[in-house]
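Architecture and fold: a report
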Amino acid sequence: MDYKTLSNGHFPMDYHMHTHHSCDARDSMTTMAQAALAQGIHEIAFTEHFDPKPEDICAGSYDPAPYFAELEEVRQQFAPQGLTIRAGLEVGEYHLYADTIQPVVDAWPYDYVLGSLHWVGDNSVFDADYFSAHTPADTASAYFTELAQLARHGGFDVLSHADVIKRTSFRVYGRFDIADWEDVVRPVWQACIDNGIGIEINTSGLRLEVGQTQPSLPALKWYHDMGGDLLTLGSDSHRPEHVGFGLAAAMDLAREAGFTRLCTYERRQVAQWIAL
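The structure contained in this document is the topic of the report that follows. (Residues numbered from 1 in each chain as written. Predicted model: local features only at pLDDT ≥ 70, side-chain atom pairs only at ≥ 80, totals over all residues. Heavy atoms only, no water.)

**Digging into the overall build of the protein chain**
Note the threshold: In DSSP terms, a helix is any run of H or I states spanning at least four residues, a strand is any run of E spanning at least two, and both are numbered starting from the N terminus. In this description the radius of gyration comes from C-alpha coordinates, and the expected globular size is given by 2.2 Å times residues to the power 0.38. Burial classes: relative accessible area under 20% of the type maximum marks a residue as buried, over 50% as exposed, and values in between as partly exposed (1.4 Å probe, protein chains only). Contacts are assigned to residue pairs with any non-hydrogen atoms lying within 4.5 Å of each other. All accessible areas in this document rest on Shrake-Rupley with a 1.4 Å probe, and a residue is counted as covered only by the protein chains that are shown.
Scanning the protein chain from terminus to terminus reveals nine helices and 12 strands. A compact globule built from 276 residues should have a C-alpha radius of gyration of about 19 Å, and the protein chain, at 17 Å, falls within 12% of that. Principal-axis analysis of the C-alpha atoms places the extent of the protein chain at approximately 55 × 40 × 35 Å. Within the protein chain, the proportion of its 276 residues that are buried is 55%. Relative to all contacts within the protein chain whose residues are 6 or more apart in sequence, the contacts with residues 24 or more apart total 76%. When the accessible area of the protein chain is evaluated, it comes to approximately 10800 Å², of which 48% is carbon and sulfur surface.

Next comes the structure, spelled out in structure tokens:
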């Protein structure tokens, strides 16, 4: 396994990106790859939404065949320019829809699979009405309890935007501090560590009112101090202008939390360690 040092000031990766193969994005792989090159990013993953829950806005929209056809074209186009493009997927509620998800994951040559939780029962984590009808303790406890179940089930490589509820929590309650929920976050991290699942620093929250990465520094420190060492970075970009957004801040947070390296993936295995 290679161990590479980042010495040129460029970003090592953006491992959470969406193109028109996701229901909530419109741009081509070429457009997003060009944006990555413009930011000096060496490696990206197109992690399209695969959300089997019938109520989800993306339910039934993902088709791996055209995704992989376009992916091969852009790989050939951008490889001479020094950009590595990984085949990725962002899967929602894996623990509940494994019978639907697993055949797709097994049938296609993915490099990197994100596991996400966008629903708690029948409640979307982006539904302000759900949060307004419940206390912060209710929504946080329900979310992180379900997230631990997702991590214990496994089947994916990296847990995505681990405290994504902060987006809606902040809008509804006016604050979100992960330190309030340490007792329910640590079991999530333990399940990840036990199953060899990594976490990402997702920078999309920096573009929103909450102004925080997902997760933020305290939770990153817990994961590191508990022995977690698999870490990636992702902008969660759905538009080219968001590619690479906040990655410098994410790298600073990773260092502050005690991490000395990031990891990349190929064919569902750690491919390289990159020194921070």
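**Topic: the state of the cysteines**
Our working rule: Counting rule for disulfides: a pair of cysteine sulfur atoms within 2.5 Å.
By the definition in use, this model includes one disulfide. In this model C23 forms its disulfide with C58; the gap between the sulfur atoms is 1.9 Å. With the S-S bond torsion at -70°, the cross-link from C23 to C58 turns out left-handed. Taken together, the positions of C23 in the loop between β2 (14–17) and α1 (29–38) and C58 in the loop between β3 (43–50) and α2 (64–78) put the pair 35 residues apart, joining distant regions of the chain. Classification of C23 by relative accessible area gives partly exposed; the value is 22%. C263 supplies the cysteine sulfur nearest to C192, a cysteine that is in no disulfide, at a spacing of 12 Å.

**Focus: the nonpolar core**
Selection rule: Working definition of a nonpolar core: buried Ala, Val, Leu, Ile, Met, Phe, Trp, Tyr and Cys residues. They are joined through side-chain atoms within 4.5 Å.
Counting residues in hydrophobic clusters, the biggest one holds 85 residues, and the most contacted among them are F46, F144, L159 and W189. Considering every element that reaches this core, the biggest residue donor is helix α5 (residues 136–153), with seven residues.

**Considering the pairing of strand β5 (residues 112–116)**
For clarity, the cut-off: Strand pairing is defined by DSSP finding a minimum of two bridges between the two strands. Every crossover in which the path from the first strand over the helix to the second runs clockwise, viewed with the strands pointing away from the viewer, is termed right-handed.
Counting buried positions along β5 yields five of five residues, so the element is predominantly enclosed. Alternating residues of β5 divide into Y112, L114 and S116 and V113 and G115, and every residue in both groups is buried. In this sheet, β5 lies alongside strand β4 (residues 84–92) in parallel orientation, the contact comprising five bridges. Its bridge partner lying in β5, G88 is registered against Y112. Chirality of the crossover, the property in question, places the unit of β4, helix α3 (residues 98–107) and β5 among those that are right-handed.

**A closer look at the sheet that holds strand β10 (residues 231–234)**
Each strand in a sheet pairs with its neighbour through backbone hydrogen bonds, running either in the same direction (parallel) or in the opposite one (antiparallel). With parallel pairing, the seven strands of this open sheet are ordered in space as β2-β3-β4-β5-β8-β9-β10. In this open sheet, the two strands that pair with only one neighbour each are β2 and β10. Note: β3 against β4, eight bridges, orientation parallel. In the sheet register, E48 faces β4, and the bridge partner there is L89.

**Side note on the packing of helix α7 (residues 182–194) against helix α8 (residues 217–225)**
To keep things clear, this is the line we draw: Lines are fitted to the C-alpha atoms to define the axes, a helix being fitted only along its stretch in contact, and any angle between axes, read from their N-to-C directions, falls within 0 to 180 degrees. Note on terminology: angles under 35 degrees are roughly parallel, angles over 145 are roughly antiparallel, angles of 65 to 115 are roughly perpendicular, and the others are oblique. Note on convention: the crossing is left-handed when the near helix lies turned anticlockwise from the far helix by less than a right angle, right-handed when the turn is clockwise.
Contact pair α7 / α8: the axes reach a minimum separation of 10 Å and the direction vectors enclose 45°. The angle between α7 and α8 places the two elements in the oblique class. For α7 against α8, the interelement crossing comes out right-handed. Each of E182, V185, R186, W189 and I193 in α7 lies in contact with α8, whose residues at this interface are A219, W222 and Y223.

**Quick word on unusual backbone geometry**
With omega at -5°, the peptide bond leading from Q214 into P215 counts as cis. Backbone geometry places E93, a non-glycine residue, at a positive phi of 55°. With respect to the secondary-structure elements, E93 resides in the loop between β4 and α3.

**Comments concerning the packing of α5 against α7**
Two packed helices can be described by the angle between their axes and the distance between those axes. How we decide: Gly is put with the polar residues, along with every residue not named as nonpolar or charged; the nonpolar set is Ala, Val, Leu, Ile, Met, Phe, Trp, Tyr, Cys and Pro, and the charged set is Asp, Glu, Lys and Arg.
Axis separation between α5 and α7 bottoms out at 8 Å; the angle between their running directions is 5°. As far as their axial angle goes, α7 and α5 are roughly parallel. Side by side, α5 and α7 meet where F144, L147, A148, A151 and R152 of the first sit next to V184, V185, P187, V188, A191 and C192 of the second. Tallied by class, the residues present in the contact of α5 with α7 amount to 10 nonpolar, no polar and one charged.

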